[in-house]
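These are the residues of each chain, in order.
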Amino acid sequence: MEEEAEPGVSSRTERKAIEKAKILQRESDRKLVRMVGRVLKKPEAERSEEEAAVLLLHGETAEELCKRQVRRNVLKRKQEEVYDDADELKSKVKQLAAAVEQAKHLVVYTGAGISTAASIPDYRGPNGVWTQLQKGRTISSSDLSKAEPTLTHMCIRMLHKENLVRHVVSQNCDGLHLRSGLPRHALSELHGNMFIEVCTSCSPVREYVRLFDVTERTSLHRHGTGRRCSHCGGELSDTIVHFGERGTLEQPLNWKGASEAAEKADVILCLGSSLKVLKKYPCLWCMNKPGSKRPKLYIVNLQWTPKDDLAVLKIHGKCDDVMSLLMEALNIQIPVFDRAKDPVFSLATALRQEEVNSHTREVIAPLDGQEVCFPGSGEPAEEATAVLGGWFGRGQGKGRKKKKKAA
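Residues numbered from 1 in each chain as written. Predicted model: local features only at pLDDT ≥ 70, side-chain atom pairs only at ≥ 80, totals over all residues. Heavy atoms only, no water.

## Side note on the sheet that holds strand β9 (residues 296-300)
- Read across the sheet, six strands follow the order β3-β2-β1-β8-β9-β10 without closing on themselves; strand pairing throughout is parallel. Looking at which strands have only one partner, the edges of the open sheet turn out to be β3 (187-189) and β10 (313-315). When the angles between neighbouring strand axes are averaged without regard to direction, this sheet yields 15°.
- As paired elements, strand β1 (residues 106-110) and strand β2 (residues 167-170) share four bridges and run parallel to each other. Bridge pairing in β2 links T110 to S170. (Pairing = 2+ DSSP bridges. Helix = DSSP H or I, 4+ residues; strand = E, 2+ residues; numbered from the N terminus. Axes fitted to C-alpha atoms, helices over the stretch in contact; angles between N-to-C directions.)

## Considerations on the environment of V100
- By the element assignment, V100 lies in helix α4 (residues 86-102).
- The sequence separation of V100 and I268 amounts to 168 residues, and the corresponding C-alpha distance is 9.5 Å.
- Leave out the neighbours within four places in its chain, and V100 touches L106, L164, L326 and L330. (Contact = heavy atoms within 4.5 Å.)

## A short note on helix α3 (residues 59-79)
- The end-to-end C-alpha distance of α3 is 30 Å, a good match for the 30 Å that 21 residues give at a rise of 1.5 Å each.
- Looking only at α3, the buried set comprises T61, A62 and L65. Each buried residue of α3 sits inside an arc of 95° when the element is viewed along its axis, so together they form one side. Residues of α3 that are exposed and point over 90 degrees away from its buried face: E60, V70 and R77. (Expected span 1.5 Å × (residues − 1). Buried < 20%, exposed > 50% of the residue type's maximum accessible area, 1.4 Å probe, protein only. Arc of directions from axis to C-beta.)

## Brief notes about the packing of aromatic side chains
- According to the stated counting rule, one finds two aromatic pairs in the structure shown.
- A ring pair is formed by Y109 and W285, whose centres lie 5.4 Å apart and whose planes are at 85°; its orientation type is edge-to-face. Separated by 176 residues along the polypeptide, Y109 in strand β1 and W285 in the loop between β8 (267-271) and β9 bring together distant segments of the chain.
- Given the relative accessible area of 6%, W285 is considered buried.
- Between W255 and Y281, the ring centres sit 4.9 Å apart and the planes meet at 85°, which makes this aromatic pair edge-to-face. In this pair, W255 is assigned in helix α8 (residues 255-264) and Y281 in the loop between β8 and β9, connecting sequence segments 26 residues apart. (Phe/Tyr/Trp six-rings, centres within 6.5 Å; stacked < 30°, edge-to-face > 60°.)

That's the geometry; what it means functionally is another story.
Below, the structure is given as structure tokens:
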């Protein structure tokens, strides 16, 4: 019996010894990296002979640490916000105005940067959602029900009205394009709309526009809002497309409209988007066409984007500032958002009596004295103030964790 047990004991001892050796080796490597790193931080003139010998002896480690530092510096530069000076900004906007006037089919791509003036944080800016999460910080709350279309939203709507913009492709879920008065047929909300819930059991899919954020109970791969379709009784779902998900809804995503617009486009204007997500959609960039036949690209963003090298013009400025100068150059008056004419009031579907308390989000309220039939009654719950939507700042982390586990 003892002889039979010996191979098992020996095997277990060997495995433990191997694991211990691996642990010791990792600790030794970490110490070496720290030691070489400390030497590299010193100016070359201040290094002792012993420290110079360390770098010579561990050249591969020193080279790898230098490469890491270069990558960090490049990433840091890409995250920095750059501003064109006033004269340069005006000069660039004049070039943009000429392109807008000459374009036969101008398409606008928008990102979170056009909504920051409405006190909605962007994602990759210095104080953006992803930036804060990557630093291990909590996201500050935003009461999105009080947000209204910005000057940029209203400019885009007016440019469409003047037939200078043919289609708008947006990554934003805040619904501000819709509320600005931009016609729905001219809008593709690729990642959904926080005010719209749908019944996918109905054919065609039945849509319900609400006056509150419907994503309160939803998250990555969990889209049920808890309310029911008034026609078939099926559970309603939000329209948000999170990281790691594929949007299949015809509306409000309108991928057909986006791809058709991109195919016809001769000019694409990107406003406030890092393009790190949009670049993954080849149909938006006419990648099946030769380079000379692709749309001319104009970018307005304070930070680096992966499409900068392909752009005819890159403008480093805030979207509202650039659009204000553009409208002035085009001699087009900028309309002011009128809460009384907010399209969401006429599009909204009232909640049924039993659904009045199905949410705690604050309702978009009409102006004093304005008679509008909107869902819900009475005062919103106390929890409704300063809250985040179920879509805002979520999804990315969960998606990454799942990938790591799978790997």
